[in-house]
Amino acid sequence: MKLDPKILKLAKEKHSAACHNRRSAMMDKLEDLRQRVPEFAALEKSQFRLGAEIAEACLSGDPEATLAAIRPRAEAIAQRKEAILTANGLPPSGEAEIACTLCGDEGFTGGRPCSCLMSFYRDEQFKENARLFRFVSGDRRDFLPGDYSEEPNPKNRGIPDRAYMIRLLEKLETGGDIPAQSIAFTGESGMGKKFLTAFLLRRAIAAGEFCVYAPAYSLAKLFEEDRFSRSEYASDELERMKKASLLIIDELGTEQTTAYSVAALLELLDQRFSEGLTTVITTGLDEKDISVRYNPELVLRLYRQFTQYFIPLTVAEAERNNSYN
């Protein structure tokens, strides 16, 4: 499984900070215990002095006799310390407990990210893609079939919108963590396209996949910044989009297009297609509008390399649109 280097770096920082916070919290609790229970502080000092005695014994000519005399005192001090720690709700060792027994809080096991680190990774993925999730959850439980009409829709071969959306969602749900083929969701401006996009993104994030969400206007801006200002940020983000297992380009047609941005988009799609990577595009443009706005090469890619799904409006959205006309 490929991981996003940017997100992995953030996840490692958060994982490290969590471990540091646990250790700091334990140190604070121990200091509080020393203030409240003077005996505990005295026992720590005794342990330190015993350590010095042990070191001296090891350097002497006959350490065994000295160590044999020290051992009972050391054991008694350790037992008393453990009793005080336990009585105050702290671990007997006096050290912060390891949160993950699989990796010992290292974050990696067998050279691969541990599940504890991947938990932070998924959290950072959700934060990175918050722009989409602010609009729709993408949660399967939030899909309401009753929002869609039961009347036959000629734009979808006469299939009623409700049945069509149920079938489509089931198909996406059983199609793996990432769809095997690239997808284009088309249709008038409504929340259906965004919900399905968020649904796919949520599944990919839950599986720990390398996925990137980019509104079309942001992508076009990155193309221009990379070209004219040689922005390191733009270059890094475009590199992520080239390599992501799942790239989502939202609302194609809302961006300000130039000959360069269209050529750059074509190059990005071609590279991803050649490497077998999945791209999902949403657009409110119909085939005629796409043909007018983009060059023939890009139009050809959109209709040959992408499985097309026309997404209908909900009954409420359709009624609202009609009231404006």
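Keep in mind that this is a model prediction, so the values were computed, not measured.

Participant: Help me out: how do you make sense of the overall build of the chain in this one?
Facilitator: Counting its regular elements, the chain contains 13 helices and 9 strands. The C-alpha radius of gyration computed for the chain amounts to 30 Å, which surpasses the reference 20 Å derived for 325 residues by more than 25%, pointing to a less compact arrangement than a globule. Reported as C-alpha extents along the three principal axes, the dimensions of the chain are approximately 95 × 45 × 30 Å. Counting across all 325 residues of the chain, residues that qualify as buried make up 43%. For the chain, long-range pairs separated by at least 24 residues make up 75% of all intrachain contacts whose partners lie at least 6 apart in sequence. As presented, the chain carries roughly 18,000 Å² of accessible surface, and 53% of it is formed by carbon and sulfur atoms. Between the mean site of the 44 positive side-chain charges and the mean site of the 50 negative ones, the chain shows a separation of 1 Å.

Participant: I would appreciate a short explanation of the environment of Val136 in the present structure.
Facilitator: By secondary structure assignment, the location of Val136 is in the loop between helix H5 (130-133) and strand E3 (152-153). Note on Val136: relative accessible area 11%, which makes it buried. Distance in space between the C-alpha atoms of Val136 and Lys194 is 6.8 Å, their sequence separation being 58 residues. Beyond its immediate sequence surroundings of up to four residues, Val136 is in contact with Met191, Lys194, Phe195 and Ala198.

Participant: Even after reading the chapter, I still don't get the layout of surface pockets, so can you show me in this structure?
Facilitator: It is a probe the size of a water molecule, rolled over the atoms, that shows where empty space is left. Looking at the largest pocket, its volume works out to about 250 Å³. Lining the largest pocket are 15 residues, and of these Asn153, Asp161, Pro312, Leu313 and Ala318 sit closest to its centre. Taken together, the elements giving at least two residues each to the lining of the largest pocket come down to E3 and helix H13 (315-324). For the lining of the largest pocket, the element with the highest residue contribution is H13, accounting for 4 residues. Here the lining of the largest pocket is built from residues that sort into 6 nonpolar, 5 polar and 4 charged.

Participant: It is not clear to me how the environment of Ser182 should be interpreted in this structure. Could you clarify?
Facilitator: Inspection of the secondary structure assignment puts Ser182 in strand E5 (residues 182-186). Taking C-alpha positions, Ser182 is 12 Å from Leu172, a pair spaced 10 residues apart along the chain. Within the structure, the side chain of Ser182 is placed 3.0 Å from the backbone nitrogen of Thr279, a separation counted as a polar contact.

Parameters at a glance
Residues numbered from 1 in each chain as written. Predicted model: local features only at pLDDT ≥ 70, side-chain atom pairs only at ≥ 80, totals over all residues. Heavy atoms only, no water. Helix = DSSP H or I, 4+ residues; strand = E, 2+ residues; numbered from the N terminus. Rg over C-alpha atoms; globule rule 2.2 N^0.38 Å. Buried < 20%, exposed > 50% of the residue type's maximum accessible area, 1.4 Å probe, protein only. Contact = heavy atoms within 4.5 Å. Areas by Shrake-Rupley, 256 points an atom, 1.4 Å probe, with all protein chains shown as cover. Lys, Arg positive; Asp, Glu negative; His and termini not counted. Charge placed at Lys NZ, Arg CZ, Asp CG, Glu CD. 1 Å grid on protein atoms, 1.4 Å probe; cavity = no way out; pocket = protein on both sides within 12 Å on 5 of 7 lines; lining within 4 Å. Points joined across faces, edges and corners; volume = space filled by probe spheres on them. Nonpolar A, V, L, I, M, F, W, Y, C, P; charged D, E, K, R; others polar. Polar contact = N/O pair within 3.5 Å; in protein donor to acceptor, adjacent residues only side chain to side chain.

Structural measurements only, silent on function.
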